[in-house]
Amino acid sequence: MHEDTMALDKAYIAPTYRRFPIEIVSGHGSVVYAADGRRYIDMTSGIGVTAFGVADDLWRQAIAEQLARVQHMSNLYYTQPCARLAQLLCERTGMKKAFFSNSGAEANECAIKVARKYAAEHRGKECFTIVTLENSFHGRTLTTLAATGQAQFHALFQPLTPGFAHTPANDLEACIRTAEENRAAAILIECIQGEGGVKSLEPAFVQGLADYARRSGVLLMVDEVQTGNGRTGALYAYMHYGIRPDIVSTAKGLGGGLPLGATLLGEKVEDVLGPGDHGSTFGGNPVCCAGALSILGRIDDAFLAEVRAKGKHVFQALDGAPGVVSLSGRGLMIGIETVKPAPDVLKACMDRGVLCLTAKDRVRLLPALNISWDELKEATAVIRAACAM
Ligand SMILES: *Cc1c(COP(=O)(O)O)cnc(C)c1O
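Keep in mind the model is a prediction, meaning the values are calculated, not measured.

### Remarks on the site of the ligand
As a structural note, the neighbourhood of the ligand is formed by Ser103, Gly104, Ala105, Asn108, Phe137, His138, Gly139, Glu190, Asp223, Val225, Gln226 and Lys252. Within the backbone of Ala105, a nitrogen or oxygen atom sits 2.8 Å from an oxygen atom of the ligand. Contacts to the ligand include Gln226, whose side-chain N or O atom sits 2.8 Å from an oxygen atom. Compared with its free state, where it exposes 380 Å², the ligand has 81% of that area covered by protein. The greatest single-element share of the shell around the ligand, amounting to three residues, is contributed by helix H5 (residues 104-122). For the shell around the ligand, the class distribution of residues is three nonpolar, six polar and three charged.

Structure, rendered in structure tokens:
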């Protein structure tokens, strides 16, 4: 640790983050190095952001080439990377249009605006409520906080944006009742609640919501900010459920480490936004989009099968292991319920050169999707031992 980094951070940065006393200075793939020279296997990928690890060669080449051409031109002009990325996203999902922004919260803000405008125009001005699930996480802006179904995030920042209702996950009847009573514009879900503790929604619930959306005109929106872009072993987690959402939001891994959000619009809503309805100065930035093209272009069926195989290795190695109560998640988005408190397991892993995350009371793993088998096995063995201690 450079003494001055910690001192400067403490002196000048708003203390919103509880940081670990490690300063990361470099890395490659899933191995990162701290200022004191220590090596760590990174099972966090910057909270699901560095999809191909740190300083990935092809991603770096793609952004460097674009950087040498033009780094930003505003949305008043055409640039190729965002047009090609939108094409790739639509071709791979069957969605019709993309809106680009810079973060998960911003991608969800766009989804919410589209839902409100669509409902106002097609069903009536009173149909503005968005139904979301308890224990969900949709972002930190005042509107996406209102969407987030966790009261602990709400208390200090009242009043939040009105027009949100929360209902328990996996209770189809309650969700439909809430939507009907509120004349909802849309239902917004995460297929696996990430920040909520890596909790998967049941197929019958998700498919029931898709049926309800089709029958009722209420839109189904899926927040794929964390689950998207290959994380769960499908390109988007909704694909595991065989459904077609009306709107999909994503960010995190999409840019491979540069800020990029996308809101994908299905058939029903592809024409909802017109000129002036929405915008984002940095949205569709050509460097970020060139990086995303490099990431998304490599997430093909063979790659996804490898993600699933690597996830399976971790599940098998930890299932029933001493100190492990249960496992959750899918692909390389993994929650571990441990006998010991999750922060203690995290600390034991860190002391042994493996970086992990927590989510609620669980240890959470979000390694780079291309983590090598050797690194994955080494890290899994350390985590297994740490759970047992
Ligand atoms: C991280 C996350 C967000 C917020 O993304 P930001 O880029 O931090 O705004 C929203 N939804 C889900 C499901 C997330 O995991």
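### Quick look at the pattern of salt bridges
A complete count under the given rule lists 13 salt bridges for this structure. With its nearest N and O atoms 2.9 Å apart, the salt bridge here joins Lys97 to Glu270. With Lys97 in strand E4 (residues 97-101) and Glu270 in the loop between strand E12 (261-265) and helix H9 (286-296), this residue pair connects regions lying 173 residues apart in the sequence. Using a relative accessible area of 21% as the deciding quantity, one classes Glu270 as partly exposed. With its nearest N and O atoms 2.7 Å apart, the salt bridge here joins Arg183 to Glu126. With Arg183 in the loop between helix H7 (172-181) and strand E7 (186-189) and Glu126 in the loop between H5 and strand E5 (130-133), this residue pair connects regions lying 57 residues apart in the sequence. Note on Arg183: relative accessible area 43%, which makes it partly exposed. Within this structure, Lys117, Glu121 and Asp277 form a network of salt bridges that share partners.

Quick notes on the rules
- Residues numbered from 1 in each chain as written.
- Predicted model: local features only at pLDDT ≥ 70, side-chain atom pairs only at ≥ 80, totals over all residues.
- Heavy atoms only, no water.
- Near = heavy atom within 4 Å.
- Polar contact = N/O pair within 3.5 Å; in protein donor to acceptor, adjacent residues only side chain to side chain.
- Areas by Shrake-Rupley, 256 points an atom, 1.4 Å probe, with all protein chains shown as cover.
- Helix = DSSP H or I, 4+ residues; strand = E, 2+ residues; numbered from the N terminus.
- Nonpolar A, V, L, I, M, F, W, Y, C, P; charged D, E, K, R; others polar.
- Salt bridge = Lys/Arg side-chain N within 4 Å of Asp/Glu carboxyl O.
- Buried < 20%, exposed > 50% of the residue type's maximum accessible area, 1.4 Å probe, protein only.

Geometric descriptors of this kind do not, in isolation, establish any biological role.
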